[in-house]
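Examining the three-dimensional arrangement
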Amino acid sequence: MSRVPRWIGRLGAGLTRMGERWEQHRAEVEKERAGAEPEPGTDIQPLPEHVTVVQARPDPAQAVPWGVRVAAEVGWRVLVLAGTVWVLMQVISAVRLVVLAFAAALLITALLQPTVARLRSYGLPHGPATALTAILGFVVMGLIGWFVTWQVMENIDTLSKQIQDGIDQLRKWLLNSPFHVTDKQINQIAKNLREAIGANTEQITSAGLQGVTVVVEALTGILLAVFSTLFLLYDGRRIWEWTLRLVPAAARPGVAGAGPRAWRTLTAYVRGTVLVALIDAIFIGLGLYFLNVPLAVPLAVFIFLFAFIPLVGAVISGALAVVVALVTQGVFTGVMVLVVVLAVQQIEGHVLQPFILGRAVRVHPLAVVLAVASGGLVAGIGGAVVAVPLVAVANTVVVYLRAYAQEQARRQAAAADSPTSQ
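Residues numbered from 1 in each chain as written. Predicted model: local features only at pLDDT ≥ 70, side-chain atom pairs only at ≥ 80, totals over all residues. Heavy atoms only, no water.

As recorded in an unreviewed UniProt entry, the protein goes by the name AI-2E family transporter, listed as coming from Streptomyces thermogriseus. As recorded by UniProt, the Sequence similarities (unreviewed entry) comment attached to the protein reads in full: "Belongs to the autoinducer-2 exporter (AI-2E) (TC 2.A.86) family." The Subcellular location (unreviewed entry) comment attached to the protein in UniProt states, word for word, "Cell membrane". (UniProt positions renumbered as here; feature names shortened; annotations may be inferred.)

1. Quick look at the side chain of Thr133
Here Thr133 lies in helix α5 (residues 126–175). When near neighbours in sequence (up to four residues on either side) are disregarded, Thr133 contacts Leu112, Thr115, Val116 and Leu119. (Helix = DSSP H or I, 4+ residues; strand = E, 2+ residues; numbered from the N terminus. Contact = heavy atoms within 4.5 Å.)

2. Remarks on a nonpolar patch on the surface
Judged by side-chain polarity, Trp86, Val87, Val91, Val95, Leu97, Val98, Val99 and Leu224 come together as a nonpolar surface patch covering roughly 660 Å² of accessible area. Put simply, the parts of the chain that give the nonpolar patch at least two residues each are α3 (66–94) and α4 (96–121). Position of Val95 among the secondary structure elements: in the loop between α3 and α4. Assessed through its relative accessible area of 38%, Val95 is described here as partly exposed. (Patch = residues over 30% accessible without salt bridge, like charges linked within 9 Å, V, L, I, M, F, W, Y side chains within 5 Å. Areas by Shrake-Rupley, 256 points an atom, 1.4 Å probe, with all protein chains shown as cover. Salt bridge = Lys/Arg side-chain N within 4 Å of Asp/Glu carboxyl O. Buried < 20%, exposed > 50% of the residue type's maximum accessible area, 1.4 Å probe, protein only.)

3. Regarding the packing of α4 against helix α12 (residues 365–417)
Two quantities define a packed helix pair, namely the angle between the axes and the distance from one axis to the other. Put simply, α4 and α12 touch, their axes get as near as 10 Å, and they point 35° apart. As α4 runs across α12, the sense of the crossing is left-handed. Taken together, the residues of α12 that come into contact with α4 (itself represented by Arg96, Leu100, Ala103 and Leu107) are Val378, Ala379, Gly382, Gly383, Val385, Val386 and Pro389. Taken together, the residues that form the contact of α4 with α12 break down as 8 nonpolar, 2 polar and 1 charged. (Axes fitted to C-alpha atoms, helices over the stretch in contact; angles between N-to-C directions. Left-handed = near helix turned anticlockwise from the far one by under 90°. Nonpolar A, V, L, I, M, F, W, Y, C, P; charged D, E, K, R; others polar.)

4. Quick look at the nonpolar core
Leu107, Leu266, Val270, Phe304, Val372 and Val388 are the most contacted members of the largest nonpolar core, which has 19 residues in total. Every element with two or more residues in this core is listed here: α4, α8 (252–290), α9 (296–306) and α12. Broken down by element, this core gets its largest block of residues, 7 residues, from α8. Aside from chain neighbours lying at most four places away, what touches Val388 is Tyr269, Pro310, Val368 and Val372. Judged by nonpolar contacts, the second largest core, of 13 residues, contains Ile284, Val324, Ala325 and Val341. (Core = buried A, V, L, I, M, F, W, Y, C linked by side-chain atoms within 4.5 Å.)

5. As for the packing of aromatic side chains
In total, this model carries 3 aromatic pairs according to the counting rule given. Measuring from centroid to centroid gives 5.5 Å for Tyr289 and Phe290, while their planes differ by 75°, and the two rings are edge-to-face. Each member of the pair, Tyr289 as well as Phe290, is classed as exposed. Summarising the aromatic geometry, the rings of Tyr400 and Tyr404 are spaced 6.1 Å apart at their centres and angled 25° between planes, so their arrangement reads as stacked. Of the two residues, Tyr400 and Tyr404 both sit in helix α12, 4 residues apart, roughly one turn of that helix. Residue classification places Tyr404 among the partly exposed residues on the basis of a relative accessible area of 26%. (Phe/Tyr/Trp six-rings, centres within 6.5 Å; stacked < 30°, edge-to-face > 60°.)

6. Examining the UniProt feature "transmembrane region" (unreviewed entry) in the protein
Per the UniProt record, "transmembrane region" (unreviewed entry) is found at residues 74–92, 98–117, 129–148, 214–234, 268–290, 296–316, 323–347 and 367–400. The span residues 74–92 carries 100% helix and 0% strand; its end-to-end C-alpha distance comes to 27 Å. For residues 268–290, the end-to-end C-alpha separation is 33 Å, with 100% helix and 0% strand making up the annotated structure.

7. Quick word on the pattern of salt bridges
Evaluated as defined, the whole model comprises 4 salt bridges. Via salt bridges that share partners, Glu407, Arg410 and Arg411 belong to a single interconnected network.

8. So, the packing of α8 against α12
Close contact between α8 and α12 brings their axes to 9 Å; oriented N to C, the two are set at 145°. When the axes of α8 and α12 are compared, the crossing they make is right-handed. Of the residues in α12, those in contact with Pro253, Gly254, Val255, Gly257, Ala258, Arg261, Ala262, Thr265, Leu266 and Tyr269 of α8 are Val388, Pro389, Ala392, Val393, Thr396, Val397, Tyr400, Leu401 and Tyr404. Class assignment of the residues belonging to the contact of α8 with α12 gives a composition of 14 nonpolar, 4 polar and 1 charged.

This is the structure we're talking about:
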């Protein structure tokens, strides 16, 4: 005998229960109607004509379906949250320079703070340890910037000649390639580029004038970052204690526990990223040097700096190195540089980052891409740099606060069930 499928049995049982509930509901309705009818023999006096009978209306909240009420409750809260985020983004955009300078100061402080702690462990007082660390750190950064600028200015003439020769070689290669590119098509592309540059001369000039403003803003941001870093290195603990006093007393213990964990996450991220970026720059720079690519050292520095923008920065810096090799040394060298860049980046993504950064700052790649894109849209390159550490810190804080709330609820339940509370 064939067995009846289980879902048919469940369907039949459900229909039976629905029928029983319907019969019960109908019986209740009939009972209410019977109770509302007058007893036999009761004399009902008609109402005067000027009296209007008003029927009682149900409560509006009860008339709205439950699902609609839930959607409305969720909807207005989402709107309030979205409005708050929008206002916060507007405020951040208005003072973007200050926010980015302070964020950069936090990152630099996270990088230099272990050095201050090491010097203090050797017996050096707090003030001299902070001053020595800050001076050495900013001197190293300044020397790196000066060296890159010096290398570019020293090799700009040679690079221009090599780029022109590379363009000529690329043109010859395209003419003899299987893509069937003609000399007329190449000349037309060059003509279109010249016309585009001539048509946008005004925009280019205005961009050059805006560059002066950008330089002034950059210098202002650098000064703000320097002063913020000095105060964070020297007086960071008291600044944190003052910030805690602004938090409501009920939430203060949770925030006090989340702060040190967030700082450890930020420190681990910055130190790990610096180490990974240094390894990338060294190995790709060596590849560029042995392949006789010009400006190998400045390109290695650019690779180091762009490594602070996860995923996107590696692509941009690698593409820049490949383009320079392609237009200066030819197609073969460009392909070899591409192989070197891809090999180093694969080792970085699958070996270095999991080993160095570890689980402390692990963020899903989708979250990284969305964070970098959002930070870039809101605050440009600076926003893209600080977006991922911000997401990593926020993830640490949320996980800790959730665990803290669950622990508090468990303790309260245990205290309520204990015999001493009864």
